[in-house]
Amino acid sequence: MRLSKAATLALIVGATSFMSVSLALAASDCPTLAELADWGENSTGDISVMSGGSCQFPIKMRGTVSGSDILQKPLHGKLKKLNIATYEYKAKARYKGSDTFAIKATGQGPTTSGTSIITVHATIK
């Protein structure tokens, strides 16, 4: 029997006495508030993550990502490149506060192309 994503997440969250809730969040996108510019312009974004938790940060600029890399590593967590357009941020356990990282991405949009720096400010709760 296959479960829907919501049912699977409910089972995982319901089993918190056996596993951490952060495991349930590992596959989901970071709650993001971002000001994404066109390719060739720099952007900023804000994410929220629980202490010890992780989430994915996809590059959501219009068009196609042709390359990306970590430009600035976070001080209070780890940033891992999952593929050309998606990164996973994992906050340090027992840390609450803020963190910052930056991704350098190159791409082609409907009207522009170029390299952009995406600076992300994380709030760790």
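Note: the structure precedes this text.
Everything in this summary refers to the structure shown in the same document. All values derive from a computational prediction rather than experimental measurement. (Residues numbered from 1 in each chain as written. Predicted model: local features only at pLDDT ≥ 70, side-chain atom pairs only at ≥ 80, totals over all residues. Heavy atoms only, no water.)

A separate point is the overall build of the chain. Helix and strand counts for the chain come out as two helices and eight strands. Taken from the N to the C terminus, the helices and strands of the chain come in the order α-α-β-β-β-β-β-β-β-β. Counting across all 125 residues of the chain, residues that qualify as buried make up 32%. Of the contacts formed within the chain by residues at least 6 apart in sequence, a portion of 63% connects residues at least 24 apart. Per element, the accessible surface of the chain, about 7600 Å² overall, is 57% carbon and sulfur. (Helix = DSSP H or I, 4+ residues; strand = E, 2+ residues; numbered from the N terminus. Buried < 20%, exposed > 50% of the residue type's maximum accessible area, 1.4 Å probe, protein only. Contact = heavy atoms within 4.5 Å. Areas by Shrake-Rupley, 256 points an atom, 1.4 Å probe, with all protein chains shown as cover.)

Glancing now at the packing of aromatic side chains. Two numbers describe a pair of aromatic rings. These are the distance of the centres and the angle of the planes. Applying the stated criterion across every chain yields a total of two aromatic pairs. Seen in terms of ring centroids, F57 and F101 are 6.1 Å apart; in terms of plane orientation they differ by 85 degrees. Their pairing is edge-to-face. Remark: F101 occurs in strand 7 (residues 97-108) and F57 occurs in strand 3 (residues 54-58); sequence separation between them is 44 residues. With respect to class, F57 is no different from F101; both count as buried. Taking the centre distance of 5.4 Å and the plane angle of 20 degrees together, the rings of Y89 and F101 count as stacked. (Phe/Tyr/Trp six-rings, centres within 6.5 Å; stacked < 30°, edge-to-face > 60°.)

What follows deals with the side chain of S68. Tracing the backbone through its elements, the reader meets S68 in strand 4 (residues 64-72). Polar side-chain contacts of S68 include one of 2.5 Å to the backbone oxygen of I84. Those residues in contact with S68, other than ones at most four positions away along the chain, are I59, K81, N83, I84, Y87, I103, K104 and A105. (Polar contact = N/O pair within 3.5 Å; in protein donor to acceptor, adjacent residues only side chain to side chain.)

Moving on to the environment of K125. The topology assignment puts K125 in the segment after strand 8 (113-124). Note on K125: relative accessible area 47%, which makes it partly exposed. A C-alpha to C-alpha distance of 5.5 Å links K125 and S51, two positions 74 residues apart in sequence. Sequence-distant contacts of K125, that is, excluding residues within four places in its chain, are made with S48, V49, M50, S51 and K96.

Before going further, it helps to examine the pattern of salt bridges. Using the criterion set out here, one finds two salt bridges in the structure. Of the charged contacts in the structure, one is a salt bridge between D29 and K60, with a shortest N-O distance of 3.8 Å. Linking D29 in the loop between helix 2 (21-25) and strand 1 (32-35) with K60 in the loop between strand 3 and strand 4, this pair joins segments that are 31 residues apart in sequence. We note a salt bridge from R62 to D38, for which the minimum N-O separation is 3.8 Å. Here R62 is found in the loop between strand 3 and strand 4, whereas its partner D38 is found in the loop between strand 1 and strand 2 (43-49), with 24 residues between them in sequence. You can call R62 exposed: its relative accessible area is 52%. Using a relative accessible area of 31% as the deciding quantity, one classes D38 as partly exposed. (Salt bridge = Lys/Arg side-chain N within 4 Å of Asp/Glu carboxyl O.)

Remark: a regular strand shows side chains that alternate across the two faces of the sheet. Bridge count for strand 5 (residues 77-83) against strand 6 (residues 86-91) is six bridges, and the pairing is antiparallel. Directly across from K81, in strand 6, lies its bridge partner Y87. (Pairing = 2+ DSSP bridges.)

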